[in-house]
Amino acid sequence: MKTRLHSLLLLLLWSSSGLWAQNFTISGHVQDAESGEALLGSAVMVLPGKKGVYTNNYGFFSLTLPKGKYQLLSSFIGYETDTQTVILDQNRPLEIKLKAVGTQVEEVVISAAKEAYANEVKSPQMSSINLQMKNLKLVPTIGGEVDIMKVIQLLPGVTKGGEGTTSILVRGGDPDQNLILLDEAVVYNVSHLFGFFSVFNPDALKDLTIIKGGFPGQYGGRLSSVLDINMNEGNLKSYHVKGGIGLLSSRLTVEGPIVKEKASFSLSGRRTYIDQVLGLINVPVPYYFYDVNAKANVKLGDKDRIFWSAYLGDDVLYTPDLEDQGDPNDTSGVGDLNAGFGFRLGNLTSTLRWNHLFSERLFSNTSLIFNRFKYDITGNVLNNSIFIGSSVLDLSLKSDFGFYRNPEQTIRFGGQYIRHRFRPNVISAQGDISQIIENSEVNNIFADEIAIYGQYDWQMTENLKIAGGLRISGAVVPKRVYASPEPRFSAVYTLDDKNSFKAGYALMRQYLHLVSSSTVALPTDLWYPVTADVKPQTAHQVAASYTHHFEKINSLLTVESYYKWMYNLTEYREGANLILNNNFESELLQGDGRSYGFELLLKRDEGRINGWIGYTLSFSQRFFEELNEGKPFWAKYDRRHDLSVVTIWKATDQISISAVYTYLSGARFTPQVGQYLTPNPSLTGVETIPIFAERNSTRLTAANRVDLNLVFANKPRKKFRSEWHFSCYNLLNSPTPIRVNLTFDPERGYVYEQPSFLGRLPSIAWNFEF
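In this text, all values refer to a predicted model and were calculated from it rather than measured experimentally. (Residues numbered from 1 in each chain as written. Predicted model: local features only at pLDDT ≥ 70, side-chain atom pairs only at ≥ 80, totals over all residues. Heavy atoms only, no water.)

The next subject is the overall build of the chain. Regarding its fold elements, the chain presents five helices and 47 strands. For 770 residues, the compact-globule formula gives about 27 Å, and the C-alpha radius of gyration of the chain, at 28 Å, lands near that figure. Oriented by its inertia axes, the alpha-carbon framework of the chain measures out at about 100 × 75 × 55 Å. Here the chain, with 770 residues, has 54% of them falling under the buried criterion. Restricting the contact set of the chain to residue pairs at least 6 apart, pairs at least 24 apart contribute 64%. On the chain, roughly 34,000 Å² of surface is accessible, and the fraction owed to carbon and sulfur atoms is 59%. Taken together, the 75 basic and 77 acidic charged side chains of the chain have centroids lying 8 Å from each other. (Helix = DSSP H or I, 4+ residues; strand = E, 2+ residues; numbered from the N terminus. Rg over C-alpha atoms; globule rule 2.2 N^0.38 Å. Buried < 20%, exposed > 50% of the residue type's maximum accessible area, 1.4 Å probe, protein only. Contact = heavy atoms within 4.5 Å. Areas by Shrake-Rupley, 256 points an atom, 1.4 Å probe, with all protein chains shown as cover. Lys, Arg positive; Asp, Glu negative; His and termini not counted. Charge placed at Lys NZ, Arg CZ, Asp CG, Glu CD.)

Next up on the list: the pattern of salt bridges. Applying the stated criterion across every chain, the model contains 36 salt bridges. Salt-bridge contacts for Arg640 lead to Asp638; the nearest nitrogen and oxygen are separated by 3.0 Å. Asp638 shares its class with Arg640; the two are buried. Where salt bridges share partners, they join Lys137, Glu145, Asp203, Arg251, Arg270 and Asp291 into one cluster. (Salt bridge = Lys/Arg side-chain N within 4 Å of Asp/Glu carboxyl O.)

So, about the sheet that holds strand S5 (residues 68-75). Here we have four strands laid out as an open sheet, ordered S3-S2-S5-S6, and antiparallel in their pairing. Strand pairing shows two members of the sheet lacking a second neighbour, strand S3 (51-54) and strand S6 (82-88), which therefore form its edges. Averaged over all neighbouring strand pairs, the angle between strand axes comes to 25°, with direction disregarded. (Pairing = 2+ DSSP bridges. Axes fitted to C-alpha atoms, helices over the stretch in contact; angles between N-to-C directions.)

This part is about the pairing of strand S20 (residues 287-299). By the bridge criterion, nine bridges tie strand S19 (residues 263-272) to S20 in an arrangement that is antiparallel. Looking across to S20, one finds that Leu267 is bridged to Ala294. Two elements, S20 and strand S21 (residues 304-318), share 13 bridges in a ladder whose sense is antiparallel. Bridging across to S21, Val292 finds its partner in Leu312.

Looking now at the sheet that holds strand S11 (residues 178-182). Strand order across the open sheet formed by five strands is S8-S15-S16-S11-S12, with mixed pairing between neighbours. A strand with exactly one partner marks an edge of an open sheet, and here the two such strands are strand S8 (128-132) and strand S12 (185-186). With five bridges joining them, S8 and strand S15 (residues 205-211) adopt antiparallel strand pairing. Residue pairing in the sheet places Ser128 in a bridge with Ile211 of S15.

Okay, the side chain of Asp707 next. Structurally, Asp707 is set in strand S43 (residues 703-713). At 2.8 Å, the side chain of Asp707 and the backbone nitrogen of Asn730 are in polar contact. Contacts of Asp707, omitting those with residues within four sequence positions, involve Pro140, Ser658, Ala659, Val660, Cys728, Tyr729 and Asn730. (Polar contact = N/O pair within 3.5 Å; in protein donor to acceptor, adjacent residues only side chain to side chain.)

As a further point, take the environment of Leu236. By the secondary structure assignment, Leu236 is in the loop between strand S16 (225-231) and strand S17 (240-246). Remark: the alpha-carbon pair of Leu236 and Asp400, spanning 164 residues in sequence, is separated by 25 Å. With near-sequence residues (within four places) excluded, Leu236 lies in contact with Ser35, Gly36, Pro257, Lys260, Glu261, Lys262, Ala263, Ser264, Asn297, Lys299 and Arg305.

Our next topic: a nonpolar patch on the surface. Residues Trp308, Leu352, Leu368, Leu395 and Leu397 make up a contiguous nonpolar surface patch of roughly 460 Å² in combined accessible area. Relative to the elements of secondary structure, Leu368 occurs in strand S23 (residues 362-381). (Patch = residues over 30% accessible without salt bridge, like charges linked within 9 Å, V, L, I, M, F, W, Y side chains within 5 Å.)

All right, on to the packing of aromatic side chains then. A full pass over the atoms with the stated rule returns 23 aromatic pairs. Consider the rings of Phe401 and Phe413, whose centres lie 5.0 Å apart with planes at 10°: the pair is stacked. Here the residue Phe401 occupies a position in strand S24 (residues 384-406), and Phe413 occupies one in strand S25 (residues 409-430), the gap between them amounting to twelve residues. Residue Phe401 is classed as partly exposed on the basis of its relative accessible area of 24%. Accessibility expressed as a relative area gives 34% for Phe413, which makes it partly exposed. Above the ring of Tyr288, the side-chain terminus of Arg271 is found at 4.2 Å from the ring centroid. (Phe/Tyr/Trp six-rings, centres within 6.5 Å; stacked < 30°, edge-to-face > 60°. Lys NZ or Arg CZ within 6 Å of the ring centre and 35° of its normal.)

What follows covers unusual backbone geometry. Even without being a glycine, Glu629 presents a positive backbone phi close to 60°. Tracing the sequence through the fold places Glu629 in the loop between strand S35 (609-623) and strand S36 (633-634). Taking relative accessible area as the criterion, Glu629 reaches 72% and is therefore assigned exposed. The phi torsion at Asn733 lies on the positive side, around 55°, for a residue other than glycine. Its place among the elements puts Asn733 in the loop between strand S44 (721-729) and strand S45 (741-745). Judged by relative accessible area, Asn733 falls into the partly exposed class, the value being 39%.

Attention shifts here to the confidence of the model for the chain. Per-residue pLDDT for the chain has a mean of 85; in total, 90% of the residues score no lower than 70. Considering only residues more than four positions removed or in separate chains, one finds that residues 5-20, a stretch of pLDDT under 50, has three contacts. Note that residues 322-339 has pLDDT below 50 and, in this model, 42 contacts with residues that lie over four places away or in other chains. (pLDDT = per-residue confidence, 0-100.)

Here we take up the nonpolar core. What tends to happen in soluble globular proteins is that the nonpolar side chains get buried as a cluster. Core analysis: the largest hydrophobic core is formed by 53 residues, its most contacted members being Tyr188 and Trp527. Sequence-distant contacts of Tyr188, defined by excluding residues within four places in its chain, comprise Arg222, Asn347, Asn371, Phe373, Val392, Asp394, His420, Leu512 and Trp527. With 35 residues, the next largest nonpolar core counts Val139, Val146, Ile168 and Val711 among its residues. (Core = buried A, V, L, I, M, F, W, Y, C linked by side-chain atoms within 4.5 Å.)

Let us look at the pairing of S16. Across the seven residues of S16, seven count as buried, placing the element largely inside the fold. Both faces of S16 are covered, namely the face carrying Ser225, Leu227, Ile229 and Met231 and the face carrying Val226, Asp228 and Asn230. With five bridges connecting them, S11 and S16 associate as parallel partners. Within the sheet, the bridge partner assigned to Asn178 lies in S16 and is Ser225.

Another point: the side chain of Ser727. Assignment of secondary structure puts Ser727 in strand S44. We classify Ser727 as buried; its relative accessible area is 6%. Within the local environment of Ser727, its side chain forms a polar contact with the side chain of Ser763, the two groups lying 2.6 Å apart. Excluding anything up to four places from it in sequence, Ser727 contacts Thr141, Gly144, Leu708, Asn709, Leu761, Pro762 and Ser763.

Below, the discussion takes up the environment of Ser396. As for its position among the elements, Ser396 is in strand S24. Under the relative-accessibility criterion, Ser396 is labelled buried at 5%. Sequence spacing of Ser396 and Gly173 is 223 residues, and the spatial spacing of their C-alpha atoms is 26 Å. Not counting the four nearest positions on each side in its chain, Ser396 is found in contact with Ser367, Leu368, Ile369, Gln416, Tyr417 and Ile418. A polar contact is formed between the side chain of Ser396 and the backbone oxygen of Tyr417, at a distance of 3.2 Å.

What follows is the structure, given as structure tokens:
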């Protein structure tokens, strides 16, 4: 008995050794010295040995160490490193302020990048790329305004849905399998102008992170990727205005302190003026879009902080000549369009967040999130009118906790509840057309998503670090309850400061589906939940990578391979009617898929010359019993080769030149290989019946494109800065096929034509800041 008591006492003493060893905690935030905004993902390391932590999504860090004297090294790419001595004899708060550096301090910039790359080599997080907005504004895009969705398409593992569009397909997935978050709120529609512009105003954003695999436990609900976008918090110290005027749109952002050092705001707006400019020369183009971003944050004390952010954006098409007739119960504003035909579609999001510090080692964030996507279509002609509408609305409560036990061990846990309300296919018709199109007011469909998770990050040895966790997710829908575990695991083994191997596994489940005729966001897309018959989509993904830091040229190389199994994917029956169809579920088929591939990324983030080279070799297949005679077939967007080269040269402090080259294998289609004649049912003639090859057995022609951007900045002044952007999309006017048309040529017979879109497109823009 005494032996057992002694053993228990020894165990208690060992488990509480941190108390007997007089451990203390350094905790605080890493901030931009000029604006006071948090620097997410900054490294705070202990010298020598560089044992340390990274700041979380709010810039918070916590280090628990034995009593003593330490040197702390803080670094973030694009900022000067900060080294300071701390005498740790009690728990100490520490606010670290880093200074941004310009290209004129080349050696300081390179040093900061080296620290960031060394930390990336040692991190267990894989298949993840973080992009700072300040580093993207020189990348050439359409209209002279950086578009983050088009920049993301230049990364390995990410493919565009169509030429010039903002939709993305990640590692063989579909467009609806990407979780796109703006300050934690889901953005269902990311496109303006039928996909040619994204809804994200670059001046309103701070940074973004895309995760393609090895998903941390706090993310779920989609199969292929997570795109986590953070808005600017607003300058805590001084007022600033910035904006831009382009050929297609203009934008303006105002930010500054509400109470200096304690509260700040940021307000951004953007609008196209195609309708206004062309209207002046009597060329009616009845279309425009707009975006409004707002954010505020307040420090309530040393332990509490409140954030509020919101986004509103719409696409509006109208014809002002005819009297509008729409849904009498519609409150969307479409009834004010005075249009013979028109539509309005857009997003509304709002996030209220509360950061709380329970102790120096326990951090929490609780978020209340609202988001809505809807579209409304109206039309009338000859005393006939029709209204079509659909919407999805979410209300979510989410809590995340981080317990920083010591530099080697971090525990993260939390949960989320989402209440979905779907309103698909509302149809109202008046006049003679009502005899053809039946009115319908579909009852709202409600669904609940629930998830809890836990994750343990552990530096097991000097060379081996693991991140293991479990997410348990579920959905409650009419007549069915789904629940399942989603294990997550990743590990890194560092060979030395420059080389490491990483591996990871993740199981993801998705309880929402998108019914869409294309990858372009059009006003016919329907989001709907799983049902008793339509099961959740599921994906297992394994990945392995090698990372190397080329210290001499200050670049980072990542080579990664992946394999993904997908279950319960959706396709449509041949000849399916998805418009004005309240029974669209009967038109859906569920099957399986797989994708696998190889990715390479060589990047250099800082210096006079920077950019990246990305290459993807990928394979994506589908398996549906009802399609292709039950045989496997290639997915429509199975793109074998995808190469992107992005180069940014800061020639002087006033002149920058950037270029992008892309090569992309063509999308697949099902070719017609013949036809035969057969009598029609009335025996009064014959019908031509086409004969098709195997599904998606042929490709469109591959696409090559070169984009160029020249930037001329004014000489720096105390308060005012401006720059001119002269850009050209598709400089060489290379054809990019978007579809195939089967036509008859008298000499050659039936031939396929490949019409292209978006030839050479020059643009000019002027950006300013003061």
